[in-house]
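So you can see what is in the structure, the chains are spelled out below.
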Amino acid sequence: MSNVPQRGDEGPWVGEVVNTGDQAVYAVIAAARVFDALDREVYPGRIGVFSCPSKLLPGERGAFALFVPTEDMTPDYILRDPMLPLGAEFDRIGEPPIGTGQARGDGLYVEELSRDLAAKTVCIRLTNNGPGAYAEYTVCGIIRTAEGDVHGVGRADGPSLPSQLAVGDSIELTMHFASLPAGSFDIRYHALGLLSAPYTECCPLGATSWRSHDLGQFRVLLPPDWRYEPLQGIDSFVGNFVGPAVSLQFDYGAFSSDMPYDGDAGYRVHFETVGGRTAKIVASRSAGGVTGIHIDRIRQGRFFTTAITVTGNDLTPAEQAIAMQIFRSVRICECIVR
C-alpha cells in the first residue's frame, strides 16, 4: 500500500495497492482505524474497503477510496459529532487469498455514457458478452491524474439476487465519486461478478502456477510450459508467446491490426473490458483462422495511436481456451498511458 493522502477534514483517504507477489490474489482490502481530533474512534474497530479491482494479478496496481460511514448507514455505531479533523491509521495489508476467486470479469464490457461534474456521477452501461449469466456484479472506476496519481475511486453495484445479467443483456448503472476533476480525464473501469457458466481457473496454485512476464510496456500471464520469445521489429515492439505446438504473436505499436472480422460469419467478435481497457476479442469458429485480442488507444500521440494485438492462427478449441485466458491477463503499464 502506498500514497494515501487525506482529502479534506473528513476524508476520504485515497491510495494505491500493488500485488508484489508472484500469484494472483483476490478480495484485497484496505483497512484503517479512523479517529477524531480527540483520538476517539469514529467507527469501532477497523473500516475496510475493497481495492479497485479487488482481484489483482502479479504486478497489477489497484486503488481505493475509504469513506467514513454516515449516520444513516450505521446509526448505532458511528461517533456523534466527531471533532475535526479526522485521522486514519492504515493497517498493513495482510496476505489476501491466493488465486482469482469466484468473481470473474470474462466477457463483461463497460461503456461510459455520460458525466455529471456537479453531481459527481458517471453513467455507464454494462453488457454481458460472456459465456453465461452474471449475478452480484459490480463495476468500479479509477481516475488518475496526468502524472499517474489516483484522483478518486468510484463504484456502481448491480441489483441484488435473484436479479441476473443474462448473456447479451445490458444495464445502465450510476457510479458515484467523491469528486470529479475539471477538464479531460480518463477513468479505468473494472467489472466483476459471479458467472453461472463453468470456467477454467487461469492461475492454479502450486508448482503448475502460471508465470507473470513483465515486458516493460505490458505484463502477461503464461502457463508454466510456455515461454516468451523476443523478435526484432521495425517500427513496433513484437514477440511470440510459445507453448506446446502453439504460438501467439503480439504487435505493440502504431500499426497493429485491429482484426477487421466484424460481420464475418466465420468469426465470433465481441468487446469486453480487460484490465480496465476496452478490448476487441476475435475467435475463429473453425480450426483455421485467427483468434486474438486488440486493445486500442494505449497511448494517444499527435500523429498516431499506440495499440496492441495478440493473435494465434489455426488454434484448436482447447488452444483457443488457453489463448483466451492469456488474452484476459494482459495488463498495460499505466505509467506510459496518457
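You'll find the structure just up there.
Residues numbered from 1 in each chain as written. Predicted model: local features only at pLDDT ≥ 70, side-chain atom pairs only at ≥ 80, totals over all residues. Heavy atoms only, no water.

Undergrad: Let's hear about the overall build of the chain: which residues, and what values?
TA: When helices and strands are tallied, the chain shows one helix and 23 strands. Over its C-alpha trace the chain gives a radius of gyration of 21 Å, about what one expects of a compact globule, namely 20 Å for 338 residues. If one aligns the C-alpha atoms of the chain with their principal axes, the spans along those axes are about 70 × 45 × 40 Å. Burial analysis of the chain (338 residues in total) assigns 48% to the buried set. Across the chain, every contact between residues at least 6 apart in sequence was considered, and the portion connecting residues at least 24 apart equals 61%. When the accessible surface of the chain is totalled, it reaches about 16,300 Å², and 52% of it is carbon and sulfur. (Helix = DSSP H or I, 4+ residues; strand = E, 2+ residues; numbered from the N terminus. Rg over C-alpha atoms; globule rule 2.2 N^0.38 Å. Buried < 20%, exposed > 50% of the residue type's maximum accessible area, 1.4 Å probe, protein only. Contact = heavy atoms within 4.5 Å. Areas by Shrake-Rupley, 256 points an atom, 1.4 Å probe, with all protein chains shown as cover.)

Undergrad: Please provide a residue-by-residue account of the sheet that holds strand β2 (residues 29-35), values included.
TA: Note: strands within a sheet are paired through backbone hydrogen bonds, in either parallel or antiparallel orientation. Spatially, the three strands line up as an open sheet ordered β3-β2-β5, and their pairing is antiparallel. Edge positions in the sheet fall to β3 (47-50) and β5 (87-90), since each of these pairs with one other strand and no more. Direction aside, neighbouring strands of the sheet carry axes that sit 35 degrees apart on average. (Pairing = 2+ DSSP bridges. Axes fitted to C-alpha atoms, helices over the stretch in contact; angles between N-to-C directions.)

Undergrad: Please give an account of the nonpolar core that cites residues and values.
TA: With 32 residues, the main nonpolar core has F218, F241, L248, I293, I308 and V310 as its most contacted residues. Those elements that place two or more of their residues in this core are β15 (218-222), β18 (246-253), β20 (277-284), β21 (290-300), β22 (305-313) and α1 (317-327). Ignoring anything within four residues of it in the chain, the contact list for F218 reads H213, F237, F241, F250, Y252, I308, V330, R331, I332 and C333. Counting 21 residues, the second-largest nonpolar core is a separate cluster that includes V110, Y134, I187 and L195. (Core = buried A, V, L, I, M, F, W, Y, C linked by side-chain atoms within 4.5 Å.)

Undergrad: An account of the sheet that holds β15 is needed here, citing residue identities and associated values.
TA: On the basis of which strands lie adjacent, the open sheet formed by three strands has the order β14-β15-β23 and antiparallel pairing. Of all the strands in the sheet, just β14 (211-214) and β23 (331-332) have a single pairing partner and so form its edges.

Undergrad: For the state of the cysteines, give the residues involved together with the corresponding values.
TA: For the structure shown, the criterion picks out one disulfide. Here C123 is not disulfide-linked; the sulfur of C140 is the nearest cysteine sulfur, at 17 Å. (Disulfide = S-S within 2.5 Å.)

Undergrad: Outline α1, supporting the account with residue identities and numerical values.
TA: Residues Q320, A323, M324, Q325, I326 and F327 constitute the buried set of α1. Packed against the buried residues of α1 are β15, β18, β19 (267-274), β20, β21 and β22.

Undergrad: Describe unusual backbone geometry, and please don't skip the residues or the numbers.
TA: Across the chain, the bulk of peptide bonds are trans and the bulk of non-glycine residues have phi less than zero. Note the cis peptide between G11 and P12, where omega equals 5 degrees. Here P12 shows up in the segment before β1 (13-18). Residue P162 is bonded to the preceding L161 through a cis peptide linkage, with omega at 10 degrees. Backbone geometry places M259, a non-glycine residue, at a positive phi of 50 degrees. Take M259: it is sitting in the loop between β18 and β19.

Undergrad: Tell me what's going on with the pattern of salt bridges, and back it up with residues and numbers.
TA: Under the criterion given, the structure shown has 17 salt bridges. In this structure, the salt-bridge partner of R40 is D36, at a minimum N-O distance of 2.7 Å. Since its relative accessible area comes to 34%, R40 is described here as partly exposed. Residues R115 and E112 are paired through a salt bridge, measuring 2.4 Å at the closest nitrogen-oxygen approach. According to the relative accessible area criterion, E112 is partly exposed, its value standing at 32%. If you follow the salt bridges from partner to partner, you end up with R33, D39, E41 and E89 in one network. (Salt bridge = Lys/Arg side-chain N within 4 Å of Asp/Glu carboxyl O.)

Undergrad: How would you sum up the pairing of strand β9 (residues 134-144)? Please name residues and give values.
TA: Of all eleven residues making up β9, ten are buried, and the element is well covered by its neighbours. Sheet analysis places β9 next to strand β11 (residues 164-165), joined by two bridges and oriented antiparallel. Of the residues in β11, the one forming a bridge with Y134 is L165. As paired strands, β9 and strand β13 (residues 187-195) are joined by eight bridges and run antiparallel to one another. Paired with I143 across the bridge in β13 is I187. The pairing of β9 with strand β10 (residues 150-157) spans seven bridges and is antiparallel. When the sheet's bridge partners are listed, I143 is paired in β10 with G152. Following β9, the chain reverses through five residues before pairing antiparallel with β10; G148 in that reversal takes a positive phi of roughly 95 degrees.

Undergrad: Residues and numbers for the side chain of E16, please.
TA: Structurally, E16 is set in strand β1. In terms of polar contacts, E16 uses its side chain to reach the side chain of R144, at 2.8 Å. (Polar contact = N/O pair within 3.5 Å; in protein donor to acceptor, adjacent residues only side chain to side chain.)

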